[in-house]
Structures are given as C-alpha cells and as structure tokens.
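Architecture and fold: a report
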Amino acid sequence: MLLRGEGSMTFWETLLLATALSMDAVAVTIANSLAYRCKAREMAAMPLLFGGFQGLMPLLGYWVSGLFADLVHRYAGVVTLVVLGYIGAKMLFDGLRGEGESGLGAMLTWKLLLLQAVATSIDAFAVGVSLLAMDVEVVPACAMIAVTTFLCSLLALFLGRRFGSALGDKAKAAGGVILLAIAIKAVL
C-alpha cells in the first residue's frame, strides 16, 4: 500500500481521515463565499490555502511531535474558538445589522484568509502526532490530506457562491453562524 508503513493505516482510512480534516475548511469556505465578495485571486486562494495548511500541519506535527504536540493539542480548541468565534460574531453582527458591507459587499482579505487557514488546520497538527505513532508514511498521507481539502473546498466555494446570491442581505449572517458553530464545536 502506498500509505502503509509498518502501521495500520490503509489508503481508504487515510482518505477518510483527509475528508474529516477538510470539513472545517469546507464550512469556512462556504461561509466566506456567502459573506464576502471575492475577486478571482481570493476565490482561488481559499482552496489553495486551506489545502496547503491542512497538508502542512500534520507534517509539522509529525516532525515536532513530543516537543509541542501536547501544548498545541491542549489549546487548539481555544485558539480556534477565539479566531473563528471573533470572525463569525463580527460577520453575524454585521449581517444582522444590515448596514454598510453586508451580504456580498465586504471584501475578503488575505490576512483573514491566512487566519482562517491556520485556525481550521490546528487540529491537523495533532493528527501528525498520530501518524507518527502509527508509523504511517507521512508525506503521501499529508499530500492526500492537502489534495482532499483542496477539492472539497473548491466544491464548497462553488456551492457557497451559488447559494450566497439567493440569500441576499442575510448571506453574511449565515456565514457568521457557520463560523460560530465551528468555533463552539472546537471546544466541546
């Protein structure tokens, strides 16, 4: 098997892991496409950044496991809650208020995309520790995680853009609710 070291993870198990890890990035991609007006660069950046960070973080976790793994694992939920909670609450408030840049008026920034990419991939760092423990070949596994997240986020981008126009002014509020749900889930 391509992804099987001496451990017990098969190709299909790795694909399921990759799909599970991609779900936060998918939800954030949908939220962004509902809430923000995006140029082609930002639209392309979402799947690329989310896929890249989801593939990079387990690799980092694999390499530095033992040094910082316990610390990151312990506080990953809190960091995700703070970052995505703040962004989601602001989006919800702005969307419900209906003033200024609600709906698809606000621009998605690179800074926000980077924050979201990091926040949605922190849990993947801990997965890297697990990959080491199971003696999985880490590079192919991380590549599968990155590609799966990219493809799932790309699909989410198109779905979000399609439904964002149907929601009109409430698109930003809907995106905020999605981000708040992910933030709360991170600490439960």
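The structure presented is a predicted model; accordingly, all values stated were derived computationally and were not measured.

**Overview of the pattern of salt bridges**
Here the structure, examined in full by the defined rule, presents one salt bridge. In this structure, the salt-bridge partner of Lys-185 is Asp-24, at a minimum N-O distance of 3.3 Å. Here Asp-24 lies in helix α1 (residues 11–35) and Lys-185 lies in helix α6 (residues 171–187), a separation of 161 residues in the sequence. A relative accessible area of 12% places Asp-24 in the buried class.

**Considerations on the confidence of the model for the chain**
Overall, the prediction assigns the chain a mean pLDDT of 80, with 83% of residues at 70 or greater. Within the chain, helix α2 (residues 40–64) carries the highest mean pLDDT (91), whereas helix α3 (residues 69–97) carries the lowest (75). Here residues 1–6 is modelled with pLDDT under 50, and outside its nearest four sequence neighbours on either side it reaches 19 contacts, counting other chains as well. Counting interchain partners and residues more than four positions distant, the pLDDT-below-50 stretch residues 99–103 has 14 contacts.

**Points about the packing of aromatic side chains**
Applying the stated criterion across every chain, the model contains one aromatic pair. Taken together, a centroid distance of 4.9 Å and an interplanar angle of 85° make the contact between Phe-11 and Trp-12 edge-to-face. The class for Trp-12 is exposed, based on a relative accessible area of 59%.

**Some thoughts on a nonpolar patch on the surface**
A contiguous nonpolar patch, built from Leu-71, Tyr-75, Val-78, Val-79, Leu-81, Val-82, Ile-184, Val-187 and Leu-188 and spanning about 820 Å² of accessible area, is present on the exposed surface. Here the nonpolar patch gets six residues from one element, more than from any other, and that element is α3. Of note, Leu-81 is situated in helix α3.

**Section: the packing of α1 against α2**
Contact geometry for α1 and α2: axes closest at 10 Å, N-to-C directions at 160°. With respect to α2, the element α1 is oriented roughly antiparallel. For the pair α1 and α2, the crossing hand works out as right-handed. Together, Leu-21, Ala-25, Val-28, Thr-29 and Asn-32 of α1 and Met-46, Phe-50 and Gln-54 of α2 make up the contact between the two elements. Along the lines of polarity and charge, the residues of the contact of α1 with α2 split into five nonpolar, three polar and no charged.

**Focus: the nonpolar core**
Membership of the largest hydrophobic core comes to 25 residues, with the highest contact counts inside it found for Tyr-36 and Leu-179. Going through the elements one at a time, α1, α2, α3, α4 (110–133) and α6 are the ones with two or more residues in this core. The element best represented in this core is α1, accounting for five residues. Once residues within four sequence positions are removed from consideration, Leu-179 is found in contact with Val-28, Ala-31, Leu-84, Ile-87, Gly-88, Met-91 and Gln-116. Listed in part, the 18 residues of the second largest apolar core include Met-9, Leu-59, Val-127 and Ala-141.

**Here we look at α1**
Helix length check: α1, at 25 residues, gives a terminal C-alpha distance of 36 Å against a target of 36 Å (1.5 Å per residue), a fit within 8%. At Met-23, α1 shows its maximal bend, which comes to roughly 35°.

**Concerning the side chain of Ser-121**
Relative to the helices and strands, Ser-121 resides in helix α4. For Ser-121, a relative accessible area of 0% translates into the label buried. At a separation of 2.8 Å, a polar atom in the side chain of Ser-121 contacts the main-chain carbonyl oxygen of Ala-117. Discounting chain neighbours no more than four positions away, the residues touching Ser-121 are Phe-53, Gln-54 and Met-57.

Rules of the game
- Residues numbered from 1 in each chain as written.
- Predicted model: local features only at pLDDT ≥ 70, side-chain atom pairs only at ≥ 80, totals over all residues.
- Heavy atoms only, no water.
- Salt bridge = Lys/Arg side-chain N within 4 Å of Asp/Glu carboxyl O.
- Helix = DSSP H or I, 4+ residues; strand = E, 2+ residues; numbered from the N terminus.
- Buried < 20%, exposed > 50% of the residue type's maximum accessible area, 1.4 Å probe, protein only.
- pLDDT = per-residue confidence, 0-100.
- Contact = heavy atoms within 4.5 Å.
- Phe/Tyr/Trp six-rings, centres within 6.5 Å; stacked < 30°, edge-to-face > 60°.
- Patch = residues over 30% accessible without salt bridge, like charges linked within 9 Å, V, L, I, M, F, W, Y side chains within 5 Å.
- Areas by Shrake-Rupley, 256 points an atom, 1.4 Å probe, with all protein chains shown as cover.
- Axes fitted to C-alpha atoms, helices over the stretch in contact; angles between N-to-C directions.
- Parallel < 35°, antiparallel > 145°, perpendicular 65-115°, else oblique.
- Left-handed = near helix turned anticlockwise from the far one by under 90°.
- Nonpolar A, V, L, I, M, F, W, Y, C, P; charged D, E, K, R; others polar.
- Core = buried A, V, L, I, M, F, W, Y, C linked by side-chain atoms within 4.5 Å.
- Expected span 1.5 Å × (residues − 1).
- Bend = angle between axes of the 7 residues up to and from the residue.
- Polar contact = N/O pair within 3.5 Å; in protein donor to acceptor, adjacent residues only side chain to side chain.

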